[in-house]
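As a plain string of letters, each chain reads:
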Amino acid sequence: MRIYDVIEKKRDGQPLTKEEIQFFIDGYTNDDIPDYQASALLMAIYFQDMTEEERANLTTAMVESGDKIDLSAISGIKVDKHSTGGVGDTTTLILAPMVASLGVAIAKMSGRGLGHTGGTIDKLEAVPGFHAEITNSEFIDLVNKNKVAVVGQSGNLTPADKKIYGLRDVTATVNSIPLIASSIMSKKIASGADAIVLDVKTGAGAFMKDINEAKELAGAMVSIGNQVGRNTMAVISDMSQPLGNAIGNALEVKEAIETLQGKGPEDLTELCLTLGSQMVVLANKANSLEEARVSLKENLMNGKAFEQFKIFLASQGGEANVADSPELLPQADHKIELLSKQSGTVEKIIADDIGTAAMMLGAGRATKDSEIDLAVGIVLHKKIGDDVKEGESLLTIHSSRQDVEDVKEKLYASISISNAAVKIPKLVHDTITKY
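Predicted model, so just to flag it, every value in this text is computed and none were measured.

Moving on, we get to the overall build of the chain. Counting secondary structure elements, the chain contains 16 helices and 13 strands. Taken over the C-alpha trace, the chain has a radius of gyration of 22 Å; the compact-globule value for 435 residues is 22 Å, and the two agree within 12%. The buried share among the 435 residues of the chain stands at 56%. Residue pairs at least 24 apart in sequence account for 78% of intrachain contacts in the chain once pairs closer than 6 positions are excluded. Roughly 17700 Å² of accessible area belongs to the chain as shown, and the carbon and sulfur atoms make up 48% of that amount. Of note, the chain has its 44 positive side-chain charges centred 3 Å away from the centre of its 61 negative side-chain charges.

Here you go:
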């Protein structure tokens, strides 16, 4: 078999066989296929697309290129959740204990963040003492005992994907549905879950700005998951404005605590209930999404989800009393209000730009070597559709420096206020299930 022939076949719009896809993945991972030929095949895929079978075979080949996590020693159906990213996306911190409180096994592998704020691991490390670097046996024991544990990702999961993504990034082939879908799903499948729930974001703060593209991506990933034996569902959720009110690591932990006490922002709570319902159904702990939602809401209100969060923190060395005393989380030196320059209704909050402002404060990493300030960030007081008076606070900046004029300038440019009626964006645009 020659890679030249594989490139030519895909260039002419013909589907590749499982063997041809495996040949490409093995050859490129092992440095037998050079970058220029791999680039040519990726561009051919970009223009010619892939069938559902090709996408599943590409995903499986990438999974087989590295380590696979064996979670078979954990009893019950293991359910994972993946978000395509956004601003203020604190859902994992809430979903993991909330869903675990209904007896669902959550063996979660998460990463650190590069961008607006830290990843799930960075956020959890805002809790004094919490550590995500535990052995595989400790991880499995904790999930069997407490139904939930979160660890850092293995360094050798899907090496083919890492290598291909690096090439896509410099050859203008990132924005391809089959390549995005197989990249995401290969990591989820290699992580060992039996079932997967996907939160696919759309809007200004999302990778997929267009809702139709977001639906196409979600459908592609659900199809891949189900084809390779993982029950998979997806939600298309809005990211035209930040989710919840907090953007920043310790601030998001505090907001997660409030949400687990039934006092969180309406949009964050709603999305967690929507995603959590799918997770519970896939774990066979409820017969319908409606039944699952009722049970989840009960555990938010009766304190079981909150108690599960404290057990989770303590089991991984964290000071669980931060749940009752969030002031023990890292605190910024300065709190600065951003005052509205006019009266009216908030018309637009550009999520991406708000996230960039948080990163300017130190809440995220501009490069992989950047140090995160866990205390800093932004807390919104107004969302789209809210009325505001001139001189009223739109948000609070939590900063380690007193001079934040550059951040203020960015924030003012990111928020629009109108005198006309404003349509509040829909939070959940669609759900894709196997049913």
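In this section: the packing of helix H15 (residues 351-361) against helix H16 (residues 405-414). Viewed as axis vectors pointing N to C, H15 and H16 meet at an angle of 170°, and their least axial separation amounts to 9 Å. Relative to H16, the element H15 is oriented roughly antiparallel. Contact residues: H15 offers Asp353, Ile354, Thr356, Ala357, Met360 and Leu361, while H16 offers Asp406, Val407, Lys410, Leu411 and Ser414. Split into classes, the residues belonging to the contact of H15 with H16 amount to six nonpolar, two polar and three charged.

Within the chain, Asp31 stands out as a residue other than glycine whose phi angle is a positive 65°. Counting through the fold element by element, Asp31 comes out in the loop between helix H2 (18-29) and helix H3 (35-48). Of note, Ala172 is a non-glycine position whose phi angle comes to about 60°, a positive value. Residue classification places Ala172 among the exposed residues on the basis of a relative accessible area of 62%.

A separate point is the pairing of strand E1 (residues 79-83). Across the five residues that make up E1, a large majority, five, are buried. Of the two faces of E1, the one lined by Val79, Lys81 and Ser83 and the one lined by Asp80 and His82 are each fully buried. Direction of pairing for E1 relative to strand E4 (residues 195-202): parallel, over a ladder of five bridges. Following the sheet pairing, Lys81 is matched in E4 by Val197.

Over its 14 residues, helix H9 (residues 177-190) runs 20 Å from end to end, which matches the ideal 20 Å to within 8%, given 1.5 Å per residue. Looking one or two residues past H9, Gly192 carries a phi angle of roughly 95°, positive in sign.

Let us now look at the nonpolar core. Counting residues in each nonpolar core, the largest one holds 79 residues, and the members touching the most others are Ile378, Leu395 and Leu411. Broken down by element, the residue count for this core peaks at nine residues, all from helix H12 (residues 266-282). Dropping the residues within four chain positions of it, Leu411 is found in contact with Leu338, Ile354, Ala357, Ile378, Leu395 and Ile397. Phe139, Ile189, Ala218 and Ile236 belong to the second-largest nonpolar core, a separate cluster that totals 36 residues.

Reading the values: rules and limits
- Residues numbered from 1 in each chain as written.
- Predicted model: local features only at pLDDT ≥ 70, side-chain atom pairs only at ≥ 80, totals over all residues.
- Heavy atoms only, no water.
- Helix = DSSP H or I, 4+ residues; strand = E, 2+ residues; numbered from the N terminus.
- Rg over C-alpha atoms; globule rule 2.2 N^0.38 Å.
- Buried < 20%, exposed > 50% of the residue type's maximum accessible area, 1.4 Å probe, protein only.
- Contact = heavy atoms within 4.5 Å.
- Areas by Shrake-Rupley, 256 points an atom, 1.4 Å probe, with all protein chains shown as cover.
- Lys, Arg positive; Asp, Glu negative; His and termini not counted.
- Charge placed at Lys NZ, Arg CZ, Asp CG, Glu CD.
- Axes fitted to C-alpha atoms, helices over the stretch in contact; angles between N-to-C directions.
- Parallel < 35°, antiparallel > 145°, perpendicular 65-115°, else oblique.
- Nonpolar A, V, L, I, M, F, W, Y, C, P; charged D, E, K, R; others polar.
- Pairing = 2+ DSSP bridges.
- Expected span 1.5 Å × (residues − 1).
- Core = buried A, V, L, I, M, F, W, Y, C linked by side-chain atoms within 4.5 Å.

These values are about where atoms sit, not about what they do.
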